[in-house]
Amino acid sequence: MKAVWFILKLGLKILAAPLVLALALFTWVCFGLLYVSSFIFGLASTVVALLGVAVLVTYSPQNGVILLVIAFLVSPVGLPMAAAWLVSKVQDLRFAIQDAVYG
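Because the structure is a prediction, the values reported are computed rather than measured.

A. Inspection of the overall build of the protein chain at higher detail. From N to C terminus, the protein chain includes three helices and zero strands. Listed by position from the N terminus, the elements making up the protein chain come as α-α-α. Relative to the 2.2 N^0.38 estimate, which gives 13 Å for 103 residues, the radius of gyration of the protein chain is 23 Å and therefore markedly larger than a compact globule would have. In terms of overall dimensions, the protein chain has C-alpha extents of about 80 × 20 × 15 Å along its principal axes. The buried share of the protein chain, reckoned over its 103 residues, is 21%. Excluding contacts between residues fewer than 6 apart, the proportion of contacts in the protein chain whose partners are at least 24 apart in sequence is 67%. Surface summary for the protein chain: the accessible area is close to 7,500 Å², and the carbon and sulfur share equals 81%.

B. Focus on the packing of helix H1 (residues 2-58) against helix H3 (residues 79-102). At a closest axis distance of 9 Å, the pairing of H1 and H3 adopts a crossing angle of 160°. Compared by their axis directions, H1 and H3 come out roughly antiparallel. For the element pair H1 and H3, the recorded crossing hand is left-handed.

C. Structural context of the packing of H1 against helix H2 (residues 61-74). Interhelical geometry of H1 versus H2 gives an angle of 165° and a closest axis separation of 8 Å. Taken together, the axis directions place H1 and H2 in an arrangement best described as roughly antiparallel. Handedness of the crossing formed by H1 with H2: left-handed. Contacts between H1 and H2 pair Phe41, Ala44, Ser45, Val48, Ala49, Leu51, Gly52, Val53, Val55 and Leu56 from the former with Pro61, Asn63, Gly64, Val65, Leu67, Leu68, Ile70, Ala71 and Val74 from the latter. In terms of residue class, the contact of H1 with H2 is made up of 15 nonpolar, four polar and no charged.

D. Broad picture of the nonpolar core. Formed by Ala16, Val20, Leu23, Ile97 and Val101, the largest nonpolar core amounts to five residues. Of all the secondary structure elements, the ones that give two or more residues to this core are H1 and H3. In terms of residues, this core owes the most to one element, H1, which gives three residues. Not counting the four nearest positions on each side in its chain, Ile97 is found in contact with Leu19, Val20, Leu23 and Tyr102.

E. Structural view of the side chain of Ser45. Positionally, Ser45 belongs in helix H1. If we ignore the near neighbours within four places in the chain, the residues touching Ser45 are Ala71, Val74, Ser75 and Pro76.

F. Broad picture of the UniProt feature "transmembrane region" (unreviewed entry) in the protein chain. The positions UniProt marks with the feature "transmembrane region" (unreviewed entry) are residues 12-34, 40-59 and 66-87. Between the first and last C-alpha atoms of residues 12-34 the distance is 33 Å; the span itself is 100% helix and 0% strand. Summarising residues 66-87: 82% helix, 0% strand, and an end-to-end C-alpha distance of 28 Å.

The rules behind each value
Residues numbered from 1 in each chain as written. Predicted model: local features only at pLDDT ≥ 70, side-chain atom pairs only at ≥ 80, totals over all residues. Heavy atoms only, no water. Helix = DSSP H or I, 4+ residues; strand = E, 2+ residues; numbered from the N terminus. Rg over C-alpha atoms; globule rule 2.2 N^0.38 Å. Buried < 20%, exposed > 50% of the residue type's maximum accessible area, 1.4 Å probe, protein only. Contact = heavy atoms within 4.5 Å. Areas by Shrake-Rupley, 256 points an atom, 1.4 Å probe, with all protein chains shown as cover. Axes fitted to C-alpha atoms, helices over the stretch in contact; angles between N-to-C directions. Parallel < 35°, antiparallel > 145°, perpendicular 65-115°, else oblique. Left-handed = near helix turned anticlockwise from the far one by under 90°. Nonpolar A, V, L, I, M, F, W, Y, C, P; charged D, E, K, R; others polar. Core = buried A, V, L, I, M, F, W, Y, C linked by side-chain atoms within 4.5 Å. UniProt positions renumbered as here; feature names shortened; annotations may be inferred.

Here it is, written out as structure tokens:
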């Protein structure tokens, strides 16, 4: 009976290994892309925020607020943070699979 469980566990480990590896590579690539994109989006959000303040003061308060909201969404606190949260959930899935299969 122990031999059967050993073979089943070994088969499960062999089947789960490529999935765990694929999830690990996916999270590494995504976090690298997030690092680079948050830097670029940080620069872009600074420019848009300065433009938004200038438009808010000189031209149209409504358009200035719209530009400030866009600057917030593009900033590293906005959408890139939501993407980092999503990628961390994928990494949590990988760790859950690893813990369940490999103990």
